[in-house]
Number of protein chains: 2
Amino acid sequence: MTTFGARLAAATRDRSALCVGIDPHPHLLRTWGLADSPEALRSFGLTVIEAAAGRAAAVKPQVAFFERHGSAGLRALEDVLAAARGSELLVVADAKRGDVGTSVAAYGEAWLRPESPLFVDALTVSAFQGTGSLARVFELANEHERGLFVLCATSNPEAAAIQLATTDTGETVAATIAREVAELNRAASMSMGSIGLVLGATIEVRDFGIHLDSNTPVLAPGFGAQGGRLEDLRTLFPTPAPVLAALSRSILGHGPDGLVPAIDEAVATVSA
Amino acid sequence: MTTFGARLAAATRDRSALCVGIDPHPHLLRTWGLADSPEALRSFGLTVIEAAAGRAAAVKPQVAFFERHGSAGLRALEDVLAAARGSELLVVADAKRGDVGTSVAAYGEAWLRPESPLFVDALTVSAFQGTGSLARVFELANEHERGLFVLCATSNPEAAAIQLATTDTGETVAATIAREVAELNRAASMSMGSIGLVLGATIEVRDFGIHLDSNTPVLAPGFGAQGGRLEDLRTLFPTPAPVLAALSRSILGHGPDGLVPAIDEAVATVSA
């Protein structure tokens, strides 16, 4: 067992920077010829894992699409996660959880404890209640050698008002979060930090005043339909730390039979 | 069927402003003599509902404590929600969900659609990606006469850096969210808005520059252990709109046999 940061660095070096989304939204299920049911979610997830294994560094299930089917949907996700554990793929649960105190600790225990059926390698979290509100989750991640990706600067245009707001240090909200996460990684003194940032592929880190830390991984959604260009990955995020390019629709839209060629092409682009 | 805002106004007028938390965290389960299991979560939730029915306006399950047990925990929550539907109690799922696009729509469909097993009266949401990122959830809430409470200014001290940051309008982040929510309620032109704000009982709305809108309900946690005084509810939030006082530990800590007296005392205090 090694830390998430070390596992992520190895996976992006040995395989690719690609992180394939598992986003079974109703429209995609129809495109795939699947029903809108928990059983279809399971089938969809298992198919993506099989196609991504050995090619991508990671998969990223979007928890909302499983939660949409209640406990039966979450049960399907548990099966998908179990299958991913049997592959080399890292799993990033895209849940954007956030809260304080014992509540946020409970989210951490749901996703980051080995005995949980929802156990994953890393979880996306939201710091709207302050980076410090996530302290207990940072501890849990360290304890179990798991990772977190904290929402920082996202691609959707409505996000700017809050993420570009100025805090009492004169930084933007996004830059404040980025600095606090970098400090946490420095304090943990690992060769590569296990707490990353979610940075949209369509944003300019300079506009947000974000300093890319050499020890802080990046999870970058927003390629394809949202406007980011995969071939620009390295110029968008000039950091020696691992950068995961998260692709969902632009791969999943090819349907079950088109997944492997679409993944291969994305891997070639991102590795060029 | 009437809008959530109208149902909330009636419940706080006819019963009380009290909203009892359903927070089965491990320490409380021990205090109650229960195991740390999905079956215990179910039992805990059903007991709180029975005690709160006819006394409180609402109950507020903290979803994190159910998610901590994976799909089996969510299954227990579905049973608790079904029992609440058989009572007059309004149910506010405290999930603090947030995302964009089809993902946030999926969260809305999970909690606000009548055919979902997780169907509730209202959901707490996070606007870290902008109030506008929640647009699809606002539409779903209107469509199904459900409500939302958007995190605005919370009680935990680490929250201030972000929530007090200054946006490009010169307002704080919290005030920006409060204004945008008030505008949504005005646009929906209901007698009482169905989109509320989460405002911690320990914060000073003036410090955040928040204007309390007469058409925007408030969900106020942070009483008891966190420092807010229940007897101050009306002076803390001087608005004609419904204000729900959310109490969890200070009631649940009395154990299953002490719930009814603790709820009665809180109702008396909040109604004095």
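Residues numbered from 1 in each chain as written. Chains lettered and ligands numbered in written order. Predicted model: local features only at pLDDT ≥ 70, side-chain atom pairs only at ≥ 80, totals over all residues. Heavy atoms only, no water.

Chain A appears in an unreviewed UniProt entry as Orotidine-5'-phosphate decarboxylase from Candidatus Agrococcus pullicola. Recorded in UniProt for chain A, the comment headed Catalytic activity (unreviewed entry) runs: "orotidine 5'-phosphate + H(+) = UMP + CO2". Word for word, the UniProt comment on chain A under Sequence similarities (unreviewed entry) is "Belongs to the OMP decarboxylase family. Type 2 subfamily." (UniProt positions renumbered as here; feature names shortened; annotations may be inferred.)

Trainee: So what's going on with the overall build of chain A? Which residues, and what values?
Mentor: Of the regular secondary structure elements, chain A holds twelve helices and eight strands. Taken over C-alpha atoms, the radius of gyration comes to 17 Å for chain A, in line with the 19 Å a tight globule of 272 residues would show. Its C-alpha atoms give chain A principal-axis dimensions of about 50 × 40 × 35 Å. A total of 272 residues make up chain A; the buried ones form 63% of that total. In chain A, 73% of the contacts between residues at least 6 apart in sequence involve partners at least 24 apart. On chain A, roughly 9,400 Å² of surface is accessible, and the fraction owed to carbon and sulfur atoms is 52%. For chain A, the separation between the mean place of its 21 positive charges and that of its 30 negative charges on side chains is 2 Å. (Helix = DSSP H or I, 4+ residues; strand = E, 2+ residues; numbered from the N terminus. Rg over C-alpha atoms; globule rule 2.2 N^0.38 Å. Buried < 20%, exposed > 50% of the residue type's maximum accessible area, 1.4 Å probe, protein only. Contact = heavy atoms within 4.5 Å. Areas by Shrake-Rupley, 256 points an atom, 1.4 Å probe, with all protein chains shown as cover. Lys, Arg positive; Asp, Glu negative; His and termini not counted. Charge placed at Lys NZ, Arg CZ, Asp CG, Glu CD.)

Trainee: An account of the UniProt feature "domain: Orotidine 5'-phosphate decarboxylase" (unreviewed entry) in chain A is needed here, citing residue identities and associated values.
Mentor: The positions that UniProt labels "domain: Orotidine 5'-phosphate decarboxylase" (unreviewed entry) are, in the present scheme, residues 17–263 of chain A. The straight-line gap between the two end C-alpha atoms of residues 17–263 of chain A is 11 Å; of that span, 40% is helix and 17% is strand.

Trainee: Account for the interface of chain A and chain B, with residues named and values stated.
Mentor: Residue-level contacts link 52 residues of chain A with 51 residues of chain B. Carbon and sulfur atoms supply 57% of the area buried between chain A and chain B, which totals about 4,200 Å² over both sides. Broken down residue by residue, the surface that chain A buries against chain B is led by A:Glu67, A:Arg68 and A:Phe128, which jointly contribute 18%. A:Asp99 serves as the salt-bridge partner of B:Lys96, at 2.9 Å between the closest nitrogen and oxygen. Mapped onto the side of chain A that touches chain B, the elements with two or more residues apiece are helix H4 (63–67), helix H5 (70–85), strand S3 (90–97), helix H6 (101–112), strand S5 (147–153), helix H8 (160–163) and helix H9 (173–188) of chain A. (Buried area = accessible area lost by both parts, 1.4 Å probe. Salt bridge = Lys/Arg side-chain N within 4 Å of Asp/Glu carboxyl O.)

Trainee: Hey, could you go over the packing of aromatic side chains for me, with residue numbers and the actual values?
Mentor: The way to describe two aromatic rings as a pair is by their centre distance and the angle between their planes. Residue and element names in this part refer to chain A. The tally for this structure, following the rule as stated, stands at four aromatic pairs over all chains. On the basis of an interplanar angle of 85° and a centroid distance of 5.9 Å, the ring pair of Phe-4 and Phe-149 is categorised as edge-to-face. Linking Phe-4 in helix H1 (residues 4–14) with Phe-149 in strand S5, this pair joins segments that are 145 residues apart in sequence. What makes Phe-149 buried here is its relative accessible area of 0%. (Phe/Tyr/Trp six-rings, centres within 6.5 Å; stacked < 30°, edge-to-face > 60°.)

Trainee: Any details on the packing of helix H6 (residues 101–112) of chain B against helix H7 (residues 135–143) of chain B? Residues and values, ideally.
Mentor: All names here are of chain B. Contact geometry of H6 with H7 gives a least axis separation of 8 Å together with a crossing angle of 25°. In terms of their interaxial angle, H6 and H7 are classed as roughly parallel. Where H6 crosses over H7, the handedness of that crossing is right-handed. Seen from H6, the contacting residues are Val-104, Ala-105, Gly-108, Glu-109 and Leu-112; seen from H7, they are Arg-136, Val-137, Leu-140 and Ala-141. For the contact of H6 with H7, the per-class residue count stands at six nonpolar, one polar and two charged. (Axes fitted to C-alpha atoms, helices over the stretch in contact; angles between N-to-C directions. Parallel < 35°, antiparallel > 145°, perpendicular 65-115°, else oblique. Left-handed = near helix turned anticlockwise from the far one by under 90°. Nonpolar A, V, L, I, M, F, W, Y, C, P; charged D, E, K, R; others polar.)

Trainee: Which residues make up helix H12 (residues 255–271) of chain A, and what are the values?
Mentor: Residues and elements named next belong to chain A. Compared with the 24 Å implied by 1.5 Å per residue over 17 residues, the 23 Å span of H12 between its first and last C-alpha is a close match. Of all the bends in H12, the largest measures some 30° and sits at Pro-261. Looking at H12, one finds that the buried residues are Gly-255, Gly-258, Leu-259, Ala-262, Ile-263, Ala-266, Val-267 and Val-270. Contacts from the buried residues of H12 go to strand S1 (18–22), helix H3 (38–52), helix H10 (233–236), strand S8 (243–247) and helix H11 (249–252). (Expected span 1.5 Å × (residues − 1). Bend = angle between axes of the 7 residues up to and from the residue.)

Trainee: Describe in detail the relation of the copies chain A and chain B, supporting the description with residues and values.
Mentor: Turning chain A through 180° and shifting it by 0.0 Å along the axis lays it on chain B, with an RMSD of 0.0 Å. Both copies of the chain, as the preceding transformation shows, are related through a two-fold rotation axis. The residues that chain A uses at the interface reappear at the interface of chain B in 98% of cases, marking a shared surface. (Least-squares fit on C-alpha atoms with pLDDT ≥ 70 in both.)

Trainee: Could you give me a rundown of the pattern of salt bridges, with the residues and numbers involved?
Mentor: Side-chain pairs of opposite charge can arise whenever the charged atoms involved come near each other. All names here are of chain A. If you walk through the whole model with that rule in mind, you get 45 salt bridges over all chains. Note that Asp-121 and Arg-146 form a salt bridge whose closest N and O atoms lie 3.1 Å from each other. With Asp-121 in the loop between H6 and strand S4 (122–125) and Arg-146 in the loop between helix H7 (135–143) and S5, this pair connects stretches of sequence that are 25 residues apart. Taken as a pair, Asp-121 and Arg-146 share a single burial class, namely buried.

Trainee: Quick rundown of the sheet that holds strand S1 (residues 18–22) of chain B? Include the residues and the values.
Mentor: Residue and element names in this part refer to chain B. Pairing is parallel in the closed barrel, where eight strands are placed in the order S1-S2-S3-S4-S5-S6-S7-S8. Going across the sheet, the axis of each strand differs from the next one's by a mean of 30°, ignoring polarity. Bridge count for strand S6 (residues 195–199) against strand S7 (residues 218–220) is two bridges, and the pairing is parallel. Considered in S7, the bridge of Val-198 is made with Leu-219. (Pairing = 2+ DSSP bridges.)

Trainee: Got a sec to walk through the side chain of A:Asn185? Specific residues and values, please.
Mentor: Structurally, A:Asn185 can be placed in helix H9. There is a polar contact of 3.3 Å between the side chain of A:Asn185 and the backbone nitrogen of A:Ser194. (Polar contact = N/O pair within 3.5 Å; in protein donor to acceptor, adjacent residues only side chain to side chain.)

Trainee: Describe H7(B), naming the residues involved and giving the relevant values.
Mentor: Residues and elements named next belong to chain B. Those residues of H7 that fall on the buried side of the exposure criterion are Val-137, Phe-138, Leu-140 and Ala-141. Projected down its long axis, H7 carries its buried residues within an arc of 160°, all on one side. Elements in contact with the buried residues of H7: H6, strand S5 (147–153), helix H9 (173–188) and S6. One or two positions beyond H7, positive phi appears at Glu-145, with a value near 55°. (Arc of directions from axis to C-beta.)

Trainee: Any details on the side chain of B:Asp213? Residues and values, ideally.
Mentor: Residues and elements named next belong to chain B. The topology assignment puts Asp-213 in the loop between S6 and S7. We classify Asp-213 as buried; its relative accessible area is 11%. Once residues within four sequence positions are removed from consideration, Asp-213 is found in contact with Ala-182, Arg-186, Thr-239 and Ala-241.

Trainee: Summarise the state of the cysteines; cite the residues concerned and give the values.
Mentor: Chemically, a disulfide is nothing more than a covalent bond linking the sulfur atoms of two cysteines. With the rule as written, the count across this model stands at zero disulfides over all chains. Unpaired in this structure, B:Cys152 has its nearest cysteine sulfur neighbour in B:Cys19, at a distance of 18 Å. (Disulfide = S-S within 2.5 Å.)

Trainee: Any details on the pairing of S1(A)? Residues and values, ideally.
Mentor: All names here are of chain A. Along S1, five of the five residues are buried, which leaves the element largely enclosed by surrounding structure. With burial as the criterion, each face of S1 is covered, one bearing Leu-18, Val-20 and Ile-22 and the other bearing Cys-19 and Gly-21. Relative to S8, S1 is paired through three bridges, and the arrangement is parallel. Across the sheet, Cys-19 pairs through a bridge with Ala-246, a residue of S8. Where S1 lies against strand S2 (residues 58–61), four bridges are found, and the strand directions are parallel.

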